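Now for the letters of each chain:
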Amino acid sequence: MLTQIKGLHHTTSMASDAQENNDFFTKLLGLRRVKKTVNFDAPDVYHLYYGDEFGTPGSVMTYFPFRNMKKGRRGTGEVSETAFAVPEGSLPYWHDRLASANVEGIERVEQFGERRLRFAGPDGDGFALVEVRGDSRPPFAGGPVPAEKGIHGFRGVTMRLRDGEATARLLTFMGYKEVAREGTLIRFAIEDGNGADIIDLDVLPGVERAREGAGSVHHVAFAVADRAAQLEVRQALLDAGTQVTPVIDRDYFWAIYFRTPGGVLFEIATNEPGFDRDEDAAHLGEALKIPEQHAHLRARIEELLQPIAD
């Protein structure tokens, strides 16, 4: 069993409109945009990062906004819900805030003894706010949401699968432990994690597979401290027969990727070097950052990108 993984690092999804996406996370949910860059493989598409003040691993939601992209179809083989931790007693505030913005899919539920407020993102993305007692991670205090109501970071994600057994074995190998079952859900957690340390498997054998599009989660990334720990994880996965990519430099972290038995794409990302490697912490996410291999295309990229009004 691996011990290097401490919880989630980030979750990356797809959207159909950059401005709408930016406004949803910064103006409604109150997160900070900590990086404005472009997709390494499609530099005419933004890669937008939102999180706490510093983009701490375990708080970062990232997006590829493909202009006018068709919405995905929900189903199995995908991350169906991304859950954020909020202070205990804050859900009434969030219910009113989301309702006043005409957010769709608002629903109050209780899951594994936790109060949860479900809602949909602009492209039908599945989100939830979960009241968590004693979460010491500080919310971003520089946005429109008061710090005492703000998002601490991720609580975890839910993966909707036709068969959960192989993915459960993988999570156990990665250091997670099954801690509870409720209906079709199986909860896994990491002891002494980073706060973003819950994975729920929703096992639905009769549900058709998802079709990727706007509102779909592209991949979910797990956090390790540094490159040495990442190499240890990579070798262990290879030894277990998993096909894993080489280490890829993503400017703000190093990454490896592999496909899970249930079809979800996993990434292992380092906590280093962080989002302040090319911007002062006071000005994260303000300037357009272009990866080095695309720097010579900056003028053309800026022409193609949809302007984002902050």
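Reading the values: the criteria
- Residues numbered from 1 in each chain as written.
- Predicted model: local features only at pLDDT ≥ 70, side-chain atom pairs only at ≥ 80, totals over all residues.
- Heavy atoms only, no water.
- Buried < 20%, exposed > 50% of the residue type's maximum accessible area, 1.4 Å probe, protein only.
- Helix = DSSP H or I, 4+ residues; strand = E, 2+ residues; numbered from the N terminus.
- Arc of directions from axis to C-beta.
- Contact = heavy atoms within 4.5 Å.
- Pairing = 2+ DSSP bridges.
- Lys, Arg positive; Asp, Glu negative; His and termini not counted.
- Salt bridge = Lys/Arg side-chain N within 4 Å of Asp/Glu carboxyl O.
- Polar contact = N/O pair within 3.5 Å; in protein donor to acceptor, adjacent residues only side chain to side chain.
- UniProt positions renumbered as here; feature names shortened; annotations may be inferred.
- Core = buried A, V, L, I, M, F, W, Y, C linked by side-chain atoms within 4.5 Å.

Caption draft 1: Inspection of helix H3 (residues 165-173) at higher detail. Burial in H3 covers these residues: Thr167, Ala168, Leu170 and Leu171. Along the axis of H3, the buried residues cluster in a sector spanning 160 degrees; they form a single face. Exposed residues on H3 whose side chains face more than 90 degrees from its buried face are Glu165 and Arg169. Of the surrounding elements, those touching the buried residues of H3 are strand S9 (153-161), strand S11 (185-189), strand S12 (198-203), helix H4 (227-239), strand S15 (253-259) and strand S16 (265-273). Phi turns positive, to about 105 degrees, at Gly175, one or two residues after H3.

Caption draft 2: Region of the structure containing the pairing of S9. S9 sits mainly inside the fold: eight of its nine residues count as buried. As paired elements, strand S5 (residues 78-87) and S9 share seven bridges and run antiparallel to each other. Across the sheet, Ala85 pairs through a bridge with Gly153, a residue of S9. Bridge analysis of S9 against S12 gives six bridges, and the strand direction is parallel. By the bridge assignment for S12, Gly156 is matched with Ile198.

Caption draft 3: Examining the pairing of strand S10 (residues 177-182) more closely. As paired elements, S10 and S11 share five bridges and run antiparallel to each other. Paired with Glu178 across the strands is Phe188, a residue of S11. The antiparallel pairing of S10 with S11 creates a hairpin that spans two residues between the two strands, and Gly183 there sits at a positive phi of about 60 degrees.

Caption draft 4: Expanded view of the sheet that holds strand S1 (residues 8-15). Pairing in this open sheet of eight strands is mixed, and the strands run S2-S3-S4-S1-S13-S16-S15-S14 from one edge to the other. Strand pairing shows two members of the sheet lacking a second neighbour, strand S2 (32-38) and strand S14 (248-249), which therefore form its edges. Sheet analysis places S15 next to S16, joined by six bridges and oriented antiparallel. Opposite Ala255, over in S16, you have Ala269 as the bridge partner.

Caption draft 5: Layout of the side chain of Asp125. In this structure, Asp125 sits in the loop between strand S7 (114-120) and strand S8 (126-132). One buried charged side chain, Asp125, makes no salt bridge at all; its nearest oppositely charged neighbour is Arg74, positioned 6.4 Å away. Polar side-chain contacts of Asp125 include one of 2.5 Å to the side chain of Tyr63. With near-sequence residues (within four places) excluded, Asp125 lies in contact with Met14, Tyr63, Phe119, Ala120 and Gly215.

Caption draft 6: Layout of the UniProt feature "domain: VOC" (unreviewed entry) in the protein chain. As recorded in UniProt, the feature "domain: VOC" (unreviewed entry) lies at residues 7-132 and 153-271. Taken end to end, residues 7-132 has its terminal C-alpha atoms 16 Å apart, with 17% of it in helix and 44% in strand.

Caption draft 7: Inspection of helix H1 (residues 18-28) at higher detail. Burial analysis of H1 places eight of its 11 residues in the buried class, the great majority of the element. Those residues of H1 that sit buried are Ala18, Gln19, Asn21, Asn22, Phe24, Phe25, Thr26 and Leu28. Two to three positions downstream of the cap, the backbone nitrogen of Gln19 sits 3.2 Å from a side-chain oxygen, assigning the N-cap of H1 to Asp17. Two residues or fewer after H1 comes Gly30, characterised by a positive phi angle close to 80 degrees.

Caption draft 8: Structural context of unusual backbone geometry. Following Glu272, the chain continues to Pro273 via a peptide bond in cis, the omega torsion being 0 degrees. A positive phi is found at Asn68, a non-glycine position, where the angle reads about 65 degrees. Here Asn68 lies in the loop between strand S4 (60-65) and S5. Overall, Asn68 belongs to the exposed group, its relative accessible area being 68%. Phi at Asp251 is positive, roughly 70 degrees, even though this residue is not glycine. The topology assignment puts Asp251 in the loop between S14 and S15.

Caption draft 9: Representation of the nonpolar core in the model. Formed by 63 residues in total, the largest nonpolar core has its most connected members in Phe25, Leu29, Leu129, Met174, Ile199, Phe222 and Phe266. One finds Tyr49, Tyr257, Leu265 and Ala269 within the second-largest nonpolar core, a separate group that totals 12 residues.

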